[in-house]
Amino acid sequence: SVCICLKLLLYFKKIKHWIEWADVLHYVYTPGDKFHRDLKYAYNLRKKIFVEYVGSDIRVPQLLAEINPYYKFLLDNKLFEYSAVEKNNGNYELQNVFHKYGAIPIVNPEMKIYLKPNLYPKVVDLFIRIDVENINPIFPTLDTSKIRIVHSPSAKYAKGSQYIIPLVNKLSQIYPIDFVLNHKRPRQEVLDTLVYADIFIDQIIAGSYGMASIEAMAYGKPTICYIMNEVFNNGLPRSCPIVNANPDTLEEKLVELIESACLRREIGIRSRKFVEEYHNVNSIAHQLLK
């Protein structure tokens, strides 16, 4: 216990030093101290504070269930794996804390849905970013003998694996499919399987896309993911090349990709260009500086 106390003291000393040194504080997800003492200290020093919301820290289950029937089904049947961290009141309370200390929220189009109404006078819109230049695209070929479909769920119910896996297995009886399921595998292994994919299936439940889809698009892969209209309404360009599919439309959209090598390649090329334009870490860094 003495050792733990010493570690905490050193930790808080470091945080205090960083806050004093910084001109801008960019928080992601949560304060560094569960009692918010770091935020209070920064606020008293009149530091400029930003908070970037990224997912379970801000997602409001009740609100999402009202606009997303697939999510509501999982929630009602206690199947959603992130229910323990995504709580209606808890996420609004976190927003209240950051607002109390003058933080300006940074949000992507999905996260904007869950901002507490009329709480923040100023909001910064920013897309998720990736180091595109470190990823060399390998677009789907036109002459493949087997169509490689990759699905890499971090949480099977939340991603819709209960629909995806049986469907791909069914279609494998009709089409020459090589199905790769990555679950609880090392990140590098997952990326290695993605490099030579013809189709990547992200999620068909949550209603938006994240880093998994962005990485797949950066590699030049046609990517299937469910995106709600609200995400487009909050700033996602309608030109986004993600193949938008939910449990009701997945088979139709997947078969279309399986049957057309030209379509797979064309969407893969557009996907890479989209990531270069909207998710490029270099251009987004300039937006942050501005």
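Our subject is the structure listed above.
These figures come from a predicted structure and were not determined experimentally.

## Some points on the overall build of the chain
A count of helical and extended segments in the chain gives 13 helices and nine strands. The globule rule puts the C-alpha radius of gyration for 290 residues at 19 Å, and the 21 Å found for the chain is close to it. Dimensions of the chain, computed from C-alpha atoms along their principal axes, come out at roughly 65 × 45 × 40 Å. When each of the 290 residues of the chain is scored for burial, the buried share is 47%. The contacts in the chain between residues at least 6 apart in sequence include a share of 70% that link residues at least 24 apart. Of the roughly 15,300 Å² of accessible surface on the chain, a fraction of 55% belongs to carbon and sulfur atoms. Taking the 36 positively charged and 31 negatively charged side chains of the chain as two groups, their mean positions are separated by 8 Å.

## Overview of the packing of aromatic side chains
One pass over the full model with this rule turns up nine aromatic pairs. Here the aromatic rings of phenylalanine 127 and tyrosine 278 are separated by 5.6 Å at their centres, their planes lie at 55 degrees, and the arrangement is tilted. Here phenylalanine 127 is found in the loop between strand 4 (124-125) and strand 5 (147-151), whereas its partner tyrosine 278 is found in helix 12 (residues 261-278), with 151 residues between them in sequence. For tyrosine 278, a relative accessible area of 22% corresponds to the partly exposed category. Members of the aromatic cluster, connected to one another through ring pairs, are Tyr27, Tyr53 and Phe98. One Lys or Arg, lysine 116, reaches over the ring of tyrosine 92 and ends 5.8 Å from the middle of that ring.

## A look at helix 2 (residues 37-44)
When we look at burial in helix 2, the residues that qualify are Asp38, Leu39 and Ala42. Angularly, the buried residues of helix 2 cover 100 degrees about the axis, an arc narrow enough to put them on a single face. Remark: arginine 46 follows helix 2 within two positions and exhibits a positive phi of approximately 60 degrees.

## Notes on the sheet that holds strand 4
A sheet is described by the order of its strands in space; here four strands give the open sequence 1-2-3-4, paired in parallel fashion. Strands at the two margins of the open sheet, each flanked by one partner only, are strand 1 (24-28) and strand 4. Relative to strand 3 (residues 104-107), strand 2 (residues 48-52) runs parallel, the two being bridged by three bridges. Among the inter-strand pairings, valine 51 is bridged to a residue of strand 3, identified as proline 105.

## Topic: the side chain of serine 152
Topologically, serine 152 is positioned in the loop between strand 5 and helix 6 (156-159). We classify serine 152 as buried; its relative accessible area is 17%. Of the polar contacts made by the side chain of serine 152, one reaches the side chain of asparagine 182; its length is 3.0 Å. Excluding residues within four positions of it along the chain, serine 152 makes contact with Asn182, Val190, Phe200 and Ile201.

## Focus: the nonpolar core
By size, the foremost hydrophobic cluster in this structure holds 86 residues, and its most contacted members are Tyr209 and Leu254. If you tally residues by element for this core, the top one is helix 11 (residues 250-259), at five residues. Discounting residues that sit within four places of it in the chain, tyrosine 209 has contacts with Phe127, Ile128, Ile214, Met217, Cys225, Ile227, Leu236, Ile242, Phe274 and His279.

## Structural notes on the sheet that holds strand 7 (residues 199-201)
Here five strands make up an open sheet; going across it, the order is 6-5-7-8-9 and the pairing parallel. Looking at strand neighbours, the two that pair on one side only are strand 6 (177-181) and strand 9 (243-244), the edges of this open sheet. Bridge count for strand 5 against strand 6 is five bridges, and the pairing is parallel. Counterpart to isoleucine 149 in the pairing with strand 6 is phenylalanine 179. Packed onto the sheet, helix 9 (residues 211-218) meets strand 7 and strand 8 (223-225) and runs at close to 160 degrees relative to strand 8.

## Focus on the environment of asparagine 182
Here asparagine 182 is to be found in the loop between strand 6 and helix 8 (187-195). Of the residues examined, asparagine 182 reaches a relative accessible area of 2% and is grouped as buried. Between the C-alpha atoms of asparagine 182 and glycine 207, which are 25 residues apart in sequence, the distance is 21 Å. Beyond its immediate sequence surroundings of up to four residues, asparagine 182 is in contact with Val150, His151, Ser152, Pro153, Val190 and Thr193. Looking at asparagine 182, its side chain comes within polar contact range of the side chain of arginine 185, at 2.5 Å. One polar contact links asparagine 182 to threonine 193, side chain to side chain, over a distance of 2.8 Å.

Thresholds, definitions, all that
Residues numbered from 1 in each chain as written. Predicted model: local features only at pLDDT ≥ 70, side-chain atom pairs only at ≥ 80, totals over all residues. Heavy atoms only, no water. Helix = DSSP H or I, 4+ residues; strand = E, 2+ residues; numbered from the N terminus. Rg over C-alpha atoms; globule rule 2.2 N^0.38 Å. Buried < 20%, exposed > 50% of the residue type's maximum accessible area, 1.4 Å probe, protein only. Contact = heavy atoms within 4.5 Å. Areas by Shrake-Rupley, 256 points an atom, 1.4 Å probe, with all protein chains shown as cover. Lys, Arg positive; Asp, Glu negative; His and termini not counted. Charge placed at Lys NZ, Arg CZ, Asp CG, Glu CD. Phe/Tyr/Trp six-rings, centres within 6.5 Å; stacked < 30°, edge-to-face > 60°. Lys NZ or Arg CZ within 6 Å of the ring centre and 35° of its normal. Arc of directions from axis to C-beta. Pairing = 2+ DSSP bridges. Polar contact = N/O pair within 3.5 Å; in protein donor to acceptor, adjacent residues only side chain to side chain. Core = buried A, V, L, I, M, F, W, Y, C linked by side-chain atoms within 4.5 Å. Axes fitted to C-alpha atoms, helices over the stretch in contact; angles between N-to-C directions.

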